[in-house]
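Below are the chains, spelled out letter by letter.
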Amino acid sequence: MSALEILWPVLILAFILVGIHTIFGLEIIRRGVIFTDLAVGQIAAVGIAISSAFFEGKYQLPLSLGFALCGAMLIAYATQNSRHIEAFIGLLYALGASSVMIVLSAGSEGDELFKRLMANDILFVMNYEILKAAGVYGVIAVLYYFIYPKLSGFLKELFFFALLSVMVTTSVPLAGVLVVFTLLIAPALVALLQKRIKPILFGWGYGWFFVSLALVLSYHYDWPTGYSIVFVGTLITLISVLWLEKRRA
């Protein structure tokens, strides 16, 4: 089997993930709540851990979505009432991470599952999972562009974080918490620092570039794909940010 035959489903999934995550990443950075997705993703992972530890993998979607929505509601409330929102979100992430480890400590495969929750090997994602995720992301995008702008106040905040929680709940089982965080923040951050191209278009192109590079390196050097995306994406982004900031100085 050729490299293209192995990688093309993963490339399609990566393009879909970059597409929807960049949209939300731009909004997250503009709001100044950078670690929101990381916290929501980690809280969603608690539901996945409970499903694996106590229900043999059953009820994963309702459990993870339920936990993610609870986290989203807490963050939506905190954005309206807390003067130190990033500190609140950081503590929420710590709560989620520690909860996952406590839940998984009861099982013999806890460490392995925790690694997958952080950065999954997306080479093994099935085609039907890609199609299902694409459908969910399509609905989220429609709601974000056509319903979200018409809302205001706390309802608007809650709607945004609810959409984010559904997106993260869909993405974490496919790619892992760290990959989701990287795809949300890295393309959006560089896109907002440059001034020549519309941010959403630049973010898509930039994200697709580093994900494709990471997948090729992962294939040739037998690196874990999820962690390869995180490594390549964060490394290139850190270099790009320093270079762009220097040019602006």
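(A) The nonpolar core, seen in detail. Counting 78 residues, the largest nonpolar core has Phe24, Leu117, Met167 and Ile229 as its most contacted members. When residues in this core are grouped by element, the largest group, 12 residues, is from helix H8 (residues 177-193).

(B) Looking closely at the pattern of salt bridges. Applying the stated criterion to the full structure yields two salt bridges. In this structure, the salt-bridge partner of Arg31 is Glu27, at a minimum N-O distance of 3.0 Å. In this pair, Arg31 and Glu27 both sit in helix H1 (residues 3-31), four residues apart, roughly one turn of the helix. For Glu27, a relative accessible area of 15% corresponds to the buried category. You can call Arg31 partly exposed: its relative accessible area is 24%.

(C) Representation of H8. Taking 1.5 Å per residue as the helical rise, H8 with its 17 residues ought to reach 24 Å, and the 25 Å between its terminal C-alpha atoms agrees with that figure. Most of H8 sits out of view: 14 of its 17 residues are buried.

(D) Inspection of the layout of surface pockets at higher detail. Within this model, the second largest pocket holds a volume of roughly 220 Å³. Lining the second largest pocket are Leu193, Gln194, Lys195, Arg196, Ile197, Phe202, Leu244, Arg247 and Arg248. Broken down by element, the lining of the second largest pocket gets its largest block of residues, three residues, from helix H10 (residues 225-248). Split by residue class, the lining of the second largest pocket holds four nonpolar, one polar and four charged.

(E) Looking closely at the environment of Leu38. Mapped onto the secondary structure, Leu38 falls in helix H2 (residues 36-54). The residues touching Leu38, leaving out its near neighbours within four places in the chain, are Tyr93, Val177, Leu178 and Phe181.

(F) Summary view of the side chain of Ser64. Examined against the element boundaries, Ser64 turns out to sit in helix H3 (residues 60-81). In this structure the side chain of Ser64 is engaged in a polar contact, spanning 3.2 Å, whose partner is the backbone oxygen of Leu61.

Criteria and cut-off values
Residues numbered from 1 in each chain as written. Predicted model: local features only at pLDDT ≥ 70, side-chain atom pairs only at ≥ 80, totals over all residues. Heavy atoms only, no water. Core = buried A, V, L, I, M, F, W, Y, C linked by side-chain atoms within 4.5 Å. Buried < 20%, exposed > 50% of the residue type's maximum accessible area, 1.4 Å probe, protein only. Helix = DSSP H or I, 4+ residues; strand = E, 2+ residues; numbered from the N terminus. Salt bridge = Lys/Arg side-chain N within 4 Å of Asp/Glu carboxyl O. Expected span 1.5 Å × (residues − 1). 1 Å grid on protein atoms, 1.4 Å probe; cavity = no way out; pocket = protein on both sides within 12 Å on 5 of 7 lines; lining within 4 Å. Points joined across faces, edges and corners; volume = space filled by probe spheres on them. Nonpolar A, V, L, I, M, F, W, Y, C, P; charged D, E, K, R; others polar. Contact = heavy atoms within 4.5 Å. Polar contact = N/O pair within 3.5 Å; in protein donor to acceptor, adjacent residues only side chain to side chain.

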